[in-house]
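# Breakdown of the fold
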Amino acid sequence: MITAMLLAAAPAHCADPGFCPTVAELRLAILRDEDKGTGILIDDQNPVRQVTDVFCERPDRDENTVTCKATFHYRTGRNFLIVRLTKGEGQWEVAQRLEVFQKR
């Protein structure tokens, strides 16, 4: 019974809920990475409307990394992302990213 309650409370987007970013942390890491000048730059005219289809694979705890996929929805289209995140200094950072932007 307790196990079922814990599983219900765990993020559904993560293979290992004990070591995964929340959707908010994932979004923040992506936006910080875009501010550094990599990937597709999204200005204030085109903010993120929604983040869907989030799933993070089993993490590599030895390297303090996890690979996640997500879809970021903007007014002008969707950005399909696969990112490798590293946990550092108390926040998640993008180590690698692969993305495809689909215009509406």
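Use the structure listed above.
Here we summarise the structure given alongside this text.

Turning to its location among the elements, Asp 33 is positioned in helix α2 (residues 23-35). By relative accessible area, Asp 33 is classed as buried at 6%. At a separation of 2.6 Å, a polar atom in the side chain of Asp 33 contacts the side chain of Arg 97.

Attention now goes to the nonpolar core. Judged by nonpolar contacts, the single largest core of 20 residues is most densely connected at Leu 26, Ile 30, Val 66, Cys 68, Phe 72, Val 83 and Leu 85. When residues of this core are traced back to their parent elements, those giving at least two are α2, β1 (50-56), β2 (65-74), β3 (77-88) and β4 (91-103). Per element, the largest residue contribution to this core is five residues, and it comes from β2. The contact partners of Ile 30, leaving out residues within four places of it in the chain, are Phe 72, Leu 81, Val 83, Val 94 and Arg 97.

A few words now on α2. An ideal rise of 1.5 Å per residue puts 18 Å on 13 residues; α2 measures up with 18 Å between its terminal C-alpha atoms. Among the residues of α2, those classed as buried are Leu 26, Ala 29, Ile 30, Asp 33 and Glu 34. Buried residues of α2, viewed axially, fall in a sector of 135°; they line one side. Residues of α2 that are exposed and angled more than 90 degrees away from the buried face: Ala 24 and Asp 35. Buried residues in α2 make contact with β1, β2, β3 and β4.

What counts, and where the lines are drawn
Residues numbered from 1 in each chain as written. Predicted model: local features only at pLDDT ≥ 70, side-chain atom pairs only at ≥ 80, totals over all residues. Heavy atoms only, no water. Helix = DSSP H or I, 4+ residues; strand = E, 2+ residues; numbered from the N terminus. Buried < 20%, exposed > 50% of the residue type's maximum accessible area, 1.4 Å probe, protein only. Polar contact = N/O pair within 3.5 Å; in protein donor to acceptor, adjacent residues only side chain to side chain. Core = buried A, V, L, I, M, F, W, Y, C linked by side-chain atoms within 4.5 Å. Contact = heavy atoms within 4.5 Å. Expected span 1.5 Å × (residues − 1). Arc of directions from axis to C-beta.

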